[in-house]
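Summary of the model geometry
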There are 2 protein chains.
Amino acid sequence: MTPTPGSPGDVLTLIGAGSATTRSDLARLTGLARSTISQRVDALIESGLVEETENGESTGGRPPRQLRLHTDGHAFAGVDLGATHCRVALMDMSGGVLAECEDPLLVAEGPEVVLAHVDDRLDRLLAEAGRPRTALRAIGMGVPGPVEFATGRPNNPPIMPGWNDYPIPEHFAGCTVLVDNDVNVMALGEQRNAFPGTRHLLFVKIGTGIGCGIVAEGRLHRGAQGSAGDIGHIRVSGHEDAGCRCGNSACLEAVAGGAAVARRLTELGTPAETGADVVALVQAGDTQALRLVREAGRLVGEVLAGLVNFFNPEVIVIGGALSRVHEHLLAGIKETVYRRSLPLATHHLSIVPSRTGINAAALGAGILAIEHYLSPDNVNRLVTT
Amino acid sequence: MTPTPGSPGDVLTLIGAGSATTRSDLARLTGLARSTISQRVDALIESGLVEETENGESTGGRPPRQLRLHTDGHAFAGVDLGATHCRVALMDMSGGVLAECEDPLLVAEGPEVVLAHVDDRLDRLLAEAGRPRTALRAIGMGVPGPVEFATGRPNNPPIMPGWNDYPIPEHFAGCTVLVDNDVNVMALGEQRNAFPGTRHLLFVKIGTGIGCGIVAEGRLHRGAQGSAGDIGHIRVSGHEDAGCRCGNSACLEAVAGGAAVARRLTELGTPAETGADVVALVQAGDTQALRLVREAGRLVGEVLAGLVNFFNPEVIVIGGALSRVHEHLLAGIKETVYRRSLPLATHHLSIVPSRTGINAAALGAGILAIEHYLSPDNVNRLVTT
């Protein structure tokens, strides 16, 4: 790809970063001809991305007009679809939340029902924020299953019946829609909000299943087919008897996921069905549950120890339902990682519970939409000079 | 970091990519003012990075002068230091090899002896290519151990006695020196030469030890402390009795590295000391050696299966001494990866022997040096406009 320095997208980036607040700044920073600057800025204003205001304080002579992102004119949405909930955040161009809501919703009801619900909530939130539907420029969405990112189609998602290959973006005509795996948008939301200075971060979600979002050099790493981070089916040692829904045995998820821990508790005489039941038991002081959560942490730690050697992250964030009892889970994880990983890779490594919590996925999905919309390539497509 | 569109580095990139061959092209592509273009091009010519020639074919009117990289005026070196060899390639700015040599050399002789040898070979190769020492702009070097990339100092390298924390770049005063782990430069050399269209690639070196170089989005992924890819100490299942030099047990390297396979062969009555001995036995048709190499492949495959789920590469390249009997090694690796990894991640995955072979490290080190030297940031430092 040939770089096109000085494109409208570059100009917008300089304005958005606060590096340039006047046309003179832009001329100085880019070396672009004055006439080219005028052309680019006018096109950005016309497209509604930038606004130019008179500087109120006159200090003798005509004060230069100020350029800034036109945050009021647009809205973006972050949608977090879980197995049993739907969370929507309406955001402005700078990532600020304008309005948000959460409802119980079964993703298994299928795309028509679920996306109609999302549509309804978008309308309500836009009304609440006083913006017309036409202001909505892009939607980011995290779903609980694998997605072909380029097309926004779920790819054989095990807990999303009816969604396989469904073209989600086509449901929202006239609006850019980016669909990604839930744990990817959680990783993005956590990194951008809680660890903006961290370049290499893993977000590990431990719920019914186990998945991982990867931030490398500050960007989401999706891999060749978009399936990167699928760590729930990595083999752990000494559990050959644990069969997994994928057909293999000894998968991490089959021994350390919320459903697996609940099943083991039931076998030991304490009935439990879900990760939430396990969390409730731990919070009630059940020592068996506590022991099993810590052991699940050790198994997750065994897999993470290998990934720490391979990827050398700065921060590992633990999220998902089971992380609500994170002190026990993290104790098991840290114990194994610090014993099994190389000292050089663990010396400055932090393993921490999620700070963004239940908002990570919706915020991350919204950030995905905003960053895509403001990317130089997209701006250059939007703006014709 | 604020982008600086239209910088001298950007202008050089356009010339280097062949996108701009005249000053008019540059004006059109960048939107820069004519006077700015002149200033940037003159500075690049003065610094020796670009040359401008008269177009010989006159078609009526004065033909425009052509701009191109000044490849003749510079030289770059790629140095591959192994445990027992030193390979040096002298390259021009476009990555073409001008001259090369290889000699047996023990890295354990320490930095003074080894770097004096490198110096001597650089002088010989420059003389052979007819370029003065002052033409040498940057040296890339791969060494058989962990390195702090930012400073070029080896970090507790197990098989490089005397090198710990040694400031390698300081030995080559007046020249930019980039030092990296050998398997990182191999990954770069292989990707740039044999798989230029592949964005996500793993290069796995199976020699005495086992390591991995990671190319993500077309760039080397070194991780937070530069230790990424150290997969030799990832745990494999069912080998708790195999102690490793790192202090842990069941490390991949302790059961599947060349030294481990040789030791096992010796225990079984066929004396062998090194990976090279193992290779010789396989090539001589020793069925025991063949069986053990295939089993080593299965163990490497067990670790790679997890990394395929996590990283989702397009290509895995197998290199290093044991890969000289790659048909047996790859059979074991593929068997396990295709059984244990997720279908989505293996569907388009290629697992192949190294195509660049013994040249991968020296070429990759040279490419590291050239890409650094021509990077916009470095060019902007070199050129004062």
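Residues numbered from 1 in each chain as written. Chains lettered and ligands numbered in written order. Predicted model: local features only at pLDDT ≥ 70, side-chain atom pairs only at ≥ 80, totals over all residues. Heavy atoms only, no water.

**Things to note about the interface of chain B and chain A**
- Contacts between chain B and chain A engage 57 residues on the former and 57 residues on the latter.
- Both sides together, the interface formed by chain B and chain A hides about 4,800 Å², and carbon and sulfur atoms give 58% of it.
- Sorting the residues of chain B by area buried against chain A places B:F310, B:R340 and B:L344 first, and these three jointly supply 18% of that buried surface.
- Seen at the junction of chain B and chain A, the total is 2 salt bridges.
- For B:E302, the salt bridge is made with A:R235, and the minimal N-O distance between the two is 3.7 Å.
- Between the two partners, chain B and chain A, sit 20 residue pairs in polar contact (both at pLDDT 80 or more).
- Looking at the side of chain B that touches chain A, the elements that each hand over two or more residues are α1 (8–16), α2 (23–30), α3 (34–46), β11 (210–216), α10 (287–311), α11 (326–340) and α12 (343–346) of chain B.
- Looking at which element gives the most residues to the side of chain B that touches chain A, the answer is α10(B), with 6 residues.
- Split into classes, the residues belonging to the side of chain B that touches chain A amount to 24 nonpolar, 23 polar and 10 charged. (Contact = heavy atoms within 4.5 Å. Buried area = accessible area lost by both parts, 1.4 Å probe. Salt bridge = Lys/Arg side-chain N within 4 Å of Asp/Glu carboxyl O. Polar contact = N/O pair within 3.5 Å; in protein donor to acceptor, adjacent residues only side chain to side chain. Helix = DSSP H or I, 4+ residues; strand = E, 2+ residues; numbered from the N terminus. Nonpolar A, V, L, I, M, F, W, Y, C, P; charged D, E, K, R; others polar.)

**What to know about the sheet that holds strand β9 (residues 176–181) of chain A**
All names here are of chain A.
- Reading across the sheet, the 5 strands line up as β5-β4-β3-β6-β9 and stay open at both edges, with mixed pairing between neighbours. At either end of the open sheet lies a strand with only one pairing partner, and these are β5 (97–104) and β9. For this sheet, the mean inter-axis angle between neighbouring strands, taken without regard to orientation, is 15 degrees.
- The pairing of strand β6 (residues 136–143) with β9 spans 6 bridges and is classified as parallel. Paired with I139 across the two strands is V177, which belongs to β9.
- Sheet contacts for helix α13 (residues 360–374): β3 (75–81), β4 (85–91), β5, β6 and β9; angle to β3, the most-contacted strand, approximately 140 degrees. (Pairing = 2+ DSSP bridges. Axes fitted to C-alpha atoms, helices over the stretch in contact; angles between N-to-C directions.)

**Considerations on the relation of the copies chain B and chain A**
- At an RMSD of 0.0 Å, chain B and chain A line up after a rotation of 180 degrees and a shift of 0.0 Å along the axis. Both copies are brought into coincidence by an operation consistent with a two-fold rotation axis. (Least-squares fit on C-alpha atoms with pLDDT ≥ 70 in both.)

**A short note on the packing of aromatic side chains**
- Considering all chains together, one arrives at 7 aromatic pairs over all chains under this definition.
- On the numbers, 5.3 Å between centres and 65 degrees between planes, the contact of B:F76 with B:Y373 is edge-to-face. With B:F76 in strand β3 (residues 75–81) and B:Y373 in helix α13 (residues 360–374), the pair connects residues that are 297 residues apart, well separated along the chain.
- Look at B:Y373 and you get buried, because its relative accessible area is 6%.
- One aromatic cluster is present, built from ring pairs that chain together A:F310, A:F311, B:F310 and B:F311. (Phe/Tyr/Trp six-rings, centres within 6.5 Å; stacked < 30°, edge-to-face > 60°. Buried < 20%, exposed > 50% of the residue type's maximum accessible area, 1.4 Å probe, protein only.)

**Some thoughts on the nonpolar core**
- In terms of nonpolar packing, the biggest core is built from 92 residues, with A:F310, A:I318, B:F310 and B:I318 touching the most fellow members.
- Core analysis: the second largest hydrophobic core is formed by 47 residues, A:A138, A:V317, A:L363 and A:L374 among them. (Core = buried A, V, L, I, M, F, W, Y, C linked by side-chain atoms within 4.5 Å.)

**Overview of the packing of helix α2 (residues 23–30) of chain A against helix α3 (residues 34–46) of chain A**
Residue and element names in this part refer to chain A.
- Put simply, α2 and α3 touch, their axes get as near as 10 Å, and they point 125 degrees apart. With respect to each other, α2 and α3 are oriented oblique. In this structure, the crossing between α2 and α3 has a hand that is right-handed. Between α2 and α3, the contacting residues are R23, S24, L26, A27 and T30 on the first element and R34, I37, S38, V41, D42 and I45 on the second. (Parallel < 35°, antiparallel > 145°, perpendicular 65-115°, else oblique. Left-handed = near helix turned anticlockwise from the far one by under 90°.)

**A word on the domain arrangement of chain A**
- The domain architecture assigned to chain A consists of domain 1 (8–69), domain 2 (74–188 + 361–376) and domain 3 (196–355).
- Look at where the C-alpha atoms of domain 1 of chain A and domain 3 of chain A centre, and you get two points 48 Å apart. (Domains from an automatic or database assignment.)

**Some thoughts on the side chain of A:S237**
- Structurally, the position occupied by A:S237 is in the loop between β12 (219–220) and α7 (252–256).
- A distance of 3.0 Å separates the side chain of A:S237 from the side chain of A:E302, its partner in a polar contact.
- Leave out the neighbours within four places in its chain, and A:S237 touches A:E302, B:R235 and B:S237.

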